[in-house]
Amino acid sequence: MNLLVKLKETVLSVLPIMALVLLLGLTVAPLGAQLLVRFVIGGILLMLGLTLFLQGVDIGILPIGEKIGSALTSKRNLLLLLGASFVIGFMVTVAEPDVQVLTGQIQKVVSSVNRWGMVIMIASGVALFMMLGLLRTMLNWPLSVVLIIAYVLLFALAFLCPKEYQAVAFDSGGATTGPMTVPFIMALGVGVAAVRSGDKNNRHDSNEDSFGLTGIASIGPIAAVCVYGLLNSASTDSQVQASDAAVEQISGIAGKFFSLIPHVLKEVSLALLPLLVMFAVFQITLLKLPKGQIRRTVIGLAYSFVGLSLFLLGVNGGFMDAGQELGQKLGSLAQGGFSGYTVLLILAALLFGAIVVCAEPAVWVLTEQVEDLSSGNISRRAMLTALSAGVAVSVSLSVVRGLLGFNLWFILIPGYAIALALSFFCPPMFTAVAFDSGGVASGPMTSTFILSFTLGASSASGGNPVTDAFGVIALVAMTPLIAIQVLGITYKFKLRKLKKTGAA
């Protein structure tokens, strides 16, 4: 059964993180019995919730994305396609779990942020750049040229943005490409490419058209948060809010979770209701699906509702609190100069980074995809090794940045410059896959646990969490841009060598 397969994938994603936290929380950085129990309960709810949510996306939401993309393209009306893609991009992003988690964490440390205001800005950014991505597909614009122009303009905008919003903005680009947004956007792109491949006047490679849309769409939220920062005078708290130990002593473990239920149900309803409305409108005006497909879609949305509710309940009930508290404990031990505890903090960050990327189900899908594209010349093991090393370095660099307080630009600018430069030497298909997969490595575990961990470590070591801790999702999302393109160039040279050998 597909549900059991997804449960297995999710358990393998979360259990390694939980095991490492329990090991550290029971030894060098004691977290306390109540917090550890809440962490375990939160982890179980997170696993169950993510499983049900992904099942709902698969059976009810993904097929609709493909059908909408095909139906809109078959109308041969560019304005209709672009207008509908804006609505779709907006609705799907509002329902993205990673966006809900990220904006909640931003609100805790940036007091002037209105959470739903930022969600709307992020969703608008995704929607606008989805329109640009589909326009690129329809007009056959080279992906590398579009990416270079977009990123040059984006970095110019980011430099004008208040410092407090810069790291947050780039984190939002990684968070939006999560388990809801990526499958739906890619399904829409596949639907558009499938119809275009049947056009006799179109000679462009439809497989290449299927990729690149997510990579372009992920630029939008970064630009949108920069604009939000320019419009909103930032007022930041100097410390991350401490874990609510006093509250949990009074209300107990069960009380903590039960008290969150009304708020979580409200948040999930607000997130998923637009999707339901969107489906109803497209069904009446465009799709006209049979009753069996409608029933399947409704069941999928029900799965997604229950799954997202359990996911957010687990995240807010104990999972993020434990990550933050562990970061604070290790950060306070490392405070006061370089020591063995500093090494321990950096080593913990390295391990968390390596575990997170290897455990993400989407990463396994990506590595299989690259292995197929390269006809087996780039093995899944090589891909996992490259991504694991890159993400481990990214997370540890985020912790070091929190300890030393150096600017995020020192990493982001060279990293994106290298990624964009590689696009001129890499096969176009691999470039498209690389930029699509920027958010694959930065999945639910990064948005929940890793970000909480770095926020806690930065706060405890005397840094400013807003400028020093945010940015970790951006660094994790940057890793595949370089790793996959390097592997693509390797594949190109291997292919050239094989051709020469065959000719000889």
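The structure this text deals with has already been given above.
It should be emphasised that the depicted structure is a prediction, and the values quoted were computed from it without experimental measurement. Numbering of residues begins from 1 in every chain and follows the order in which that chain's sequence is written. Local features in this predicted model are restricted to residues of pLDDT 70 or higher, and side-chain atom pairs are both shown and tallied only at a pLDDT of 80 or more, whereas totals for entire chains, interfaces and linings draw on every residue. Just so you know, side-chain values use all the structure's heavy atoms and leave hydrogens and water out.

Participant: Summarise the overall build of the protein chain; cite the residues concerned and give the values.
Facilitator: What counts as a helix is a DSSP run of H or I of at least four residues, what counts as a strand is a run of E of at least two, and both are numbered from the N terminus. On a plain count of helices and strands, the protein chain comes out with 21 helices and zero strands. Put simply, 86% of the contacts in the protein chain that link residues at least 6 apart link residues at least 24 apart. We call two residues contacting when some pair of their heavy atoms lies within 4.5 Å.

Participant: Break down the packing of helix α13 (residues 291-334) against helix α19 (residues 444-460) for me, citing the residues and quoting the values.
Facilitator: To get an axis, a line is fitted to the C-alpha atoms, and for a helix only the part in contact is used. The angle between two axes follows their N-to-C directions and goes from 0 to 180 degrees. Look at α13 against α19: their axes get within 6 Å of each other, and the N-to-C directions meet at 35 degrees. The handedness of the crossing between α13 and α19 comes out as right-handed. Packed against α13, whose contacting residues are Phe311, Val315, Phe319, Met320, Gly323, Gln324, Leu326, Gly327, Gln328, Leu330, Gly331 and Ser332, the element α19 presents Pro444, Met445, Thr448, Phe449, Ser452, Phe453, Gly456, Ala457, Ser459 and Ala460 at the interface. Class assignment for the residues of the contact of α13 with α19 results in 12 nonpolar, 10 polar and no charged. The crossing is said to be left-handed when, going from far helix to near helix, the turn is anticlockwise and less than a right angle, and right-handed when the turn is clockwise. Residues are grouped as follows: nonpolar covers Ala, Val, Leu, Ile, Met, Phe, Trp, Tyr, Cys and Pro; charged covers Asp, Glu, Lys and Arg; every other residue, Gly included, is treated as polar.

Participant: With reference to specific residues and values, describe unusual backbone geometry.
Facilitator: Of note in this structure, Asn140 is not a glycine but carries a positive phi near 60 degrees. Mapped onto the elements of the fold, Asn140 is located in the loop between α5 (115-139) and α6 (143-160). Even without glycine at this site, Lys288 takes up a positive phi of about 50 degrees. Assignment of secondary structure puts Lys288 in the loop between α12 (245-287) and α13. Each residue is assigned to one of three classes by its accessible area relative to the maximum for its type, calculated with a 1.4 Å probe on protein chains only: buried under 20%, partly exposed between the two thresholds, exposed over 50%. The exposed category is assigned to Lys288, whose relative accessible area is 57%.

Participant: Could you give me a rundown of helix α7 (residues 163-176), with the residues and numbers involved?
Facilitator: Most of α7 sits inside the fold, with 12 of its 14 residues counted as buried. All of the buried residues in α7 are Tyr165, Gln166, Ala167, Val168, Ala169, Phe170, Asp171, Ser172, Gly173, Gly174, Ala175 and Thr176.

Participant: Give a detailed account of the environment of Ala474, specifying residues and quantitative values.
Facilitator: Positionally, Ala474 belongs in helix α21 (residues 472-503). Residue Ala474 is classed as buried on the basis of its relative accessible area, which comes to 1%. Considered as a pair, Ala474 and Ser442 are 32 residues apart in the sequence and their alpha carbons are 8.1 Å apart.

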